Structure formats: structure tokens, C-alpha cells
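Examining the three-dimensional arrangement
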Amino acid sequence: MSNASDDGPTPPQPRPTERQDVLPDRSTAAPAAETFRFEDIFPLDDIQRIQDAFAEAADVASLITDPDGRPITRPSNFTPLCRDIIRATPKGLANCLRSDARLGRTTSGAPTIARCLSAGLLDGATCVFFGGRHIATWLVGQVVDESTDLEAVLAYGREIGADATAFRQALMRVPRMPRERFAKICQALRHFANHLSSMALRAHRQSELIGELRRAKDRVKERDRRLADIIDFLPDPTMVVDAGGTVVFWNRAMEKLTGVGAVDMLGKGDFEYGKPFYGYPTPLLVDYARGAVTRPDPRYAVAELAEDAIIAEVTVAALPAGPRHVWAKAVALRDEAGRIVGGIEAIRDVTDRHEAEKALAEHRQRLEVEVEERTRDLRLQAMELAEANIRLSELDRMKSVFLSTVSHELRTPLTSILGFAKLIGRDFNEQFLPLTGGNPALAAKGKRIADNLAVVFGEAERLTRLINDVLDLSRIESGSMHWRDTRFAPAEVLARAAKTIEGLLGQRPEVSFRFTADAAIPDLRMDPDQLIQVVSNLLQNAVKFTRAGEVRLELTHDGGMVRIAVTDTGIGIPAEELDSIFDKFHQVGRGDTIQETAKGTGLGLAICRQIVRHYGGRIWAESTPGKGSAFFVQLPAVPPGDADGS
Ligand code: ADP
């Protein structure tokens, strides 16, 4: 018993399993390498034929067993000694099996040559591996070599209880060969077994690959199914075409919109999918997106156009629901390398929105027309107004001319009336009244004539005042007033105004008058005569509407303003009239003048307001009816340090 060699090639090792980039599918997984049996990998018929032929050619017996020594193949070319005599005895068979198993176990890569445990004949064994695991032992043997102890073999026959004659005859038929030749046969067997080992692994790898491929195909199919479900779920009609323009998805919403089922459309190409929309095969937006057609058809209203995507609207006529306006978006689909592999298009029926927009546009257009018409009307009105305005200013100018002419024409005769009334009165009083003598009737008549003359004189004076006031006001309002502005100290001018009412006050001893002025009142720049007119008006009113008591003129200043106050203890003014008394011809309706002869014109305060406003000032009244009134005038002072001394 000796090993022929130890330097055989290492048995092939299985390659590490490749990284799985897909989810493992346990149900179809290949059985693990550990469970592989020799007979699973190799067709036993072929192996049997090879084993038989090999045994025949090498003149040896041969058998393939599992690692435990159990036969896998049928024995080939077994000598009758082993087959019919030794294995026919229970003891012999047991020893044979034990011997075969031991041979297999002691065998690694190299063939083992040993004497069999039973008869001591020469046996050889080599192992078949699968991925490093021992799956079978290929045995050859039952050879008598030059050193076989034939006497010991015969003794073994007796030991297992075999027929001695038959045993001896059978032993004579056992092949005899030199040990060296048997070793060569074993070496040849070893090469073959090694080849079987690598074939086993290759076969396994192949079956694994086939399994993987099948599973990958299943996964792709599953994914396609899931994708179809997803696309079906989309509420918008959606279709997908592949690189060749063949329909690969046609979802339910699309079936509903077009009335064409997926079964009829899937797999169709040549722009067949244009038919449900246009009535004839024609490219759709998806074909522009994936570059199958170069330029979008002019019938599309393109909203967005990028390299791989397009959004457009179009009216299509052939849908079952009749002409519809649809919005569509199409995008090219690309693979990892960026190659276009198809396109997807989603469609939305936006007919309602489109109609609404169209209606709105018409509406808007109508509105625009209306606005235009209205604008034209307004422009016309504005022109008419402007013309009216021109006519009005013309009238105003004519009014001023008329007023100054009329007042001039009135003033001349009035001056005569006043002059002659005065003359007649003086002559009558001085020369005619004394002639009445002691005649009381005549004296009374003379007195009445003198009184009537006084009335004529008074009314003529009032008319003169009215004419002067109307003239002043119209001059200010028409801007033809001549303002003689100059800088002056207000206290002196106010003193002059106070003088103008001294005559009035002389006849009214029951009304006292007081004028006070603060020190260092800043100067005013304005027409001093106009200031006198304002203050005189206020003072005359105060005297006119005060039965008894006091009229006061006060001059103060506050910040940059000069303030003039005229206060009286007269009848006062109702609160609701404090503003309107400054309007033209407004008089508090009460027949309230203290002196009937000093009946006013209702223009005094209006003139005052015009003058004060002209100089940027303010005039207002405060009053407690029955207790008295106060009129305030506030005018901007010349700023201190203003060098202009004019
Ligand atoms: P008139 O010539 O009538 O005085 P004004 O314009 O000067 O015209 O004054 C308008 C009215 O304001 C007067 O008629 C009078 O009713 C009222 N009024 C003016 N000043 C006083 C005052 N100091 N006291 C009471 N009433 C006044």
C-alpha cells in the first residue's frame, strides 16, 4: 500500500458568488452547492459508458461510489473473484465496502493506490470534487502485481468461507500487471476525475447563471407589470412608445379618451396612435419630444419647448367625444448612457377651460370697446367743459368790465345827487326854515322836508358804499386789483384805522374804545390801505352791533405771525353763522343793526377775507351771542433779519 504521488493539482475552488444587484427571489433560488450530488450534475448513463470503456481498455475493474463507499454506478469489468465469490459472502462484502470507503477518504487530490482490505489485491482511487467538496470516488483495481502475496489471498478466501477451488480459479483470472503500469492507469484516472471536477463546477456555474437570468427576466416582467399598473393608475391619458415608436403602454384613461383598448394599440407603430386623435396615422407630441420628428406641427400651440420635453395645446377632431381641445406634455425617455429609448406623453382634455377662456376673451374685448366708448364720451365732455370754462371766463371778464363801467356811470350822477342834496339841505335849513316864523304848521312841514332830504342823502351814501364795495370785490376776484405793497410797522397803520371810526364813536358816548399794541411787533409787507380797510370794516361792525360797552383793538404777535383782534360787547353772532358771515351778501337775518342809518351791504367781511387770503393770512370770528364777538386776523410777519426796507 503506497501513495503514487502527492503533487496533484489543487481541486478547483468555486468562484465567490457575484454581488446581487436585484432583490433575491427565494422561491426560485438554486439549491446550495453543499446539496449537489454527483448524479445531479452528470448524466449517469454517459458516465457508466465511459467507466465501462475505461475499465475494458485498461483491463481493470471500475466503480464510482459516493464518499461513504456506496456505489453510484454499476461495477465495470469486476473480476469474478470479487463480484461472484468475495462479495457473495457477507463478511467479504462488508470488508469490500469498508475498503472502498477508506480509499475514498484517504484520497485528496492525488490518486491513492492501496491493497484492498479484503483480499489484499491492488486498488486505486481518485476523488471527484465539487467546489472543494468531495462528491464521489472513482475506484479501479483488483489487480495482482509482482508483490501480491497469493498465499495470503488464498488464506483470506478460506477466512471468509469461500469455496476454495472456485476461489483459486477466480484468483487465476484476476488481471496481473506490474505496479508501475497500475500507477499510470490511476494517474490517467486522476486527470479524468480532475476534469470532471472542473466540469461539475462549470455546469453548476452555468445552471446558476441560467437561474439568475430566469429570475432577472421574471423581475423585469414583474416590473413591467407594476409600471403598467402605475401608468394605468394615472388619471391623465398616458402612452409610452419605445425607441422604434412602438406603443408599450396605453393606460386606462387613454382607452377611455380614445375609445381604443390597450390590446388593440400595444405593439402598434408607424404613428398609428395618431389615428384616434386625427383620424389618420400621424406623429404626436411624443414623437417631437423623442426626436423622431424634427419640428412641431404648426397646429400645436406650443407653451414650452425644451430639448427633451414639449408642452403644447391642440384641438383634435377625431375623438369619440367630438372635437376636443387637449393639453399635452411629452418627454423623451433615456437610458443610463443617455440614449433615447422612447417617449412618454400625457394628455388632458381642457376643452371646458379653453371655451371659458375664449368666452372671457370675448367678454374682455366687449369691455374694452365699452371702455373706449366711455373714454371717448368723457373726452368729449371734458372738451365741452373746457369750452364752457372759456366762455365763463369771458363772461366773467365782461362782468368786470360791465361792473366798472356801470359803477363809474352810477358814481358820477350819485356824486351830483349827494352834492345837490347836501346843498339843498344846507340852503333849506339856513334860509327857508327861519322864514316859517311863528306858523307851527309851516314849521312842521319844513322839518319833514329836512328829514326827507336827510334820507335821500343817507341812501345815496349807502349806494355809493355798495358801489365801492362791489367794485373792490370784483377787482380782487378778477385779479385786476392794484396792490401797493410796502413794508411797514403795523401799530402806526392800525392807529390810522382807529382814527377813521372816531367820528362814529363821537356820536356814541355809551360805547368806549381802547387800542392796545404789544412792544416790538414785527413789520408786515402789504398794501397798508388794504390793512386799514380790513380793520376799519371790523371796527365799524363792532360799533354798529354794540348797544353799549366797549370796543377793543389789540395788536399782538406770535411766532412769525402778527395778530389783530377786534372785540366788542355787542349782540354776538349765532355759532352756526360764524363762517357764513364771510360770504358775499350774507347778513345775519334779524334786522339787528343798532343804527338804522348805518345799514350795511353784506360785502364788508367778504372783502376782508379776500384781502387777508391774498396775503397768506387767516380771518375768523368767535362769539357768545348776547355777550359779544371777537374777530381775529392773522398775517405773516416779515422774517427778522430781512434786509428789504421797502
Ligand atoms: P354788513 O355791511 O352787513 O355789515 P358785513 O359783511 O360787514 O356786512 O357783515 C355781515 C354780517 O355779519 C352783518 O350784517 C352782521 O349780521 C354780522 N356781523 C358782522 N360783524 C358783527 C359784529 N361785530 N357783531 C355782530 N354781528 C356782526
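Residues numbered from 1 in each chain as written. Predicted model: local features only at pLDDT ≥ 70, side-chain atom pairs only at ≥ 80, totals over all residues. Heavy atoms only, no water.

**Digging into the overall build of the chain**
Secondary structure assignment for the chain yields 17 helices and 18 strands. A globule of 646 residues ought to have a C-alpha radius of gyration of about 26 Å, yet the chain, at 70 Å, is considerably larger. Expressed along its principal axes, the backbone C-alpha trace of the chain runs to roughly 225 × 65 × 45 Å. When burial is assessed residue by residue, the chain has 40% of its 646 residues classed as buried. Contacts in the chain between residues at least 24 apart in sequence constitute 60% of all its contacts with a sequence separation of at least 6. As presented, the chain carries roughly 36,700 Å² of accessible surface, and 55% of it is formed by carbon and sulfur atoms. Looking at the chain, you have 82 positive and 91 negative side-chain charges, and the mean spots of the two groups are 2 Å apart. (Helix = DSSP H or I, 4+ residues; strand = E, 2+ residues; numbered from the N terminus. Rg over C-alpha atoms; globule rule 2.2 N^0.38 Å. Buried < 20%, exposed > 50% of the residue type's maximum accessible area, 1.4 Å probe, protein only. Contact = heavy atoms within 4.5 Å. Areas by Shrake-Rupley, 256 points an atom, 1.4 Å probe, with all protein chains shown as cover. Lys, Arg positive; Asp, Glu negative; His and termini not counted. Charge placed at Lys NZ, Arg CZ, Asp CG, Glu CD.)

**Quick word on the environment of Ala312**
Note that Ala312 resides in strand E9 (residues 309-316). Exposure remark for Ala312: the relative accessible area of 1% places this residue in the buried category. Note: C-alpha distance between Ala312 and Lys329 (17 residues apart in sequence) is 6.6 Å. Once residues lying within four places of it in the same chain are set aside, the contact partners of Ala312 are Leu285, Tyr300, Ala301, Val302, Ala303, Val326, Trp327 and Ala328.

**With respect to the pattern of salt bridges**
Summed over all chains, the structure comprises 30 salt bridges. In this structure, Glu222 and Arg226 form a salt bridge, with 3.4 Å as the shortest nitrogen-oxygen distance. Remark: Arg226 and Glu222 occur in helix H7 (residues 179-233); sequence separation between them is four residues, near one turn of the helix. Given a relative accessible area of 29%, Glu222 falls into the partly exposed group. Residue class for Arg226 comes out partly exposed when judged on its relative accessible area of 48%. As a salt-bridge pair, Arg252 and Asp232 come within 3.6 Å of each other at their nearest N and O atoms. Linking Arg252 in helix H8 (residues 252-258) with Asp232 in helix H7, this pair joins segments that are 20 residues apart in sequence. Linked through salt bridges whose partners overlap, the residues forming this network are Arg514, Glu550, Arg552 and Glu554. (Salt bridge = Lys/Arg side-chain N within 4 Å of Asp/Glu carboxyl O.)

**Thoughts on the side chain of Asp145**
Mapping Asp145 onto the fold places it in the loop between strand E5 (133-143) and helix H5 (150-160). Here Asp145 falls in the buried class, since its relative accessible area comes to 6%. Residues contacting Asp145, with those up to four places away along its chain left out, are Arg115, Leu122, Met177, Pro178 and Arg179.

**Focus: the packing of aromatic side chains**
By the definition in use, this model includes nine aromatic pairs. When the centroid spacing of 4.9 Å and the interplanar angle of 40° are considered together, the rings of Phe38 and Phe42 count as tilted. Grouping residues by exposure puts Phe38 and Phe42 together as buried. Judged by centre distance (6.4 Å) and plane angle (85°), the rings of Phe271 and Tyr273 are edge-to-face. Overall, Phe271 belongs to the partly exposed group, its relative accessible area being 28%. Over the face of the ring belonging to Tyr278 we find Arg299, whose NZ or CZ atom lies 3.9 Å from the ring centre. The lysine or arginine in question, Arg618, covers the ring of Trp620, its NZ or CZ lying 4.0 Å from the ring centre. (Phe/Tyr/Trp six-rings, centres within 6.5 Å; stacked < 30°, edge-to-face > 60°. Lys NZ or Arg CZ within 6 Å of the ring centre and 35° of its normal.)

**Considerations on the site of the ligand**
Residues in close proximity to the ligand total 21 residues, the closest being Asn541, Asp568, Gln587, Thr601 and Leu605. Side-chain polar atom of Asn541 to an oxygen atom of the ligand: 2.9 Å apart, as the coordinates give it. Between the ligand and the protein, one listed contact pairs a nitrogen atom with a side-chain N or O atom of Asp568 at 2.9 Å. Among the elements of the structure, helix H16 (528-544), helix H17 (604-614) and strand E18 (628-636) are those that each provide at least two residues to the shell around the ligand. Considering each element in turn, the shell around the ligand owes the most residues, three residues, to H16. Of the residues assigned to the shell around the ligand, the class counts are eight nonpolar, nine polar and four charged. (Near = heavy atom within 4 Å. Polar contact = N/O pair within 3.5 Å; in protein donor to acceptor, adjacent residues only side chain to side chain. Nonpolar A, V, L, I, M, F, W, Y, C, P; charged D, E, K, R; others polar.)

**Structural notes on the environment of Ala58**
With respect to the helices and strands, the residue Ala58 is situated in helix H2 (residues 44-58). In this structure Ala58 touches Met177, Arg181 and Ile185, once residues within four positions along its chain are discounted.

**So, the sheet that holds strand E17 (residues 618-624)**
Within a sheet, neighbouring strands are paired by backbone hydrogen bonds and run either parallel or antiparallel to one another. Within the open sheet, the five strands sit side by side as E13-E15-E16-E18-E17. Their pairing is mixed. The open sheet has two free edges, formed respectively by strand E13 (511-517) and E17, since each of these has just one partner strand. Between one strand axis and the next, the sheet turns by 15° as a mean value, whatever way the strands run. Relative to E18, strand E16 (residues 561-568) runs antiparallel, the two being bridged by seven bridges. Along E18, the bridge assignment pairs Val562 with Leu635. Here H16 sits on the sheet and contacts E13, strand E15 (549-558), E16, E17 and E18; the angle it forms with E16, its principal contact strand, is near 20°. (Pairing = 2+ DSSP bridges. Axes fitted to C-alpha atoms, helices over the stretch in contact; angles between N-to-C directions.)

**Some points on the pairing of E15**
Inspection of the sheet shows E13 paired to E15 by seven bridges, in the parallel sense. Looking at the pairing, Ser512 lines up with Glu550 of E15. Two elements, E15 and E16, share eight bridges in a ladder whose sense is antiparallel. Counted as the bridge partner of Asp558 is Met561 from E16. Counted along the chain from E15 to the antiparallel partner E16, the turn is two residues long, and its residue Gly559 has a positive phi close to 60°.

**Description of a negative patch on the surface**
Taken together, the side chains of Glu368, Glu370, Glu372, Glu373 and Asp377 define an acidic patch exposed on the protein surface. Residue position: Glu370 is located in helix H12 (residues 351-432). Relative accessible area serves as the criterion here: at 47%, Glu370 is assigned to the partly exposed category. (Patch = residues over 30% accessible without salt bridge, like charges linked within 9 Å, V, L, I, M, F, W, Y side chains within 5 Å.)

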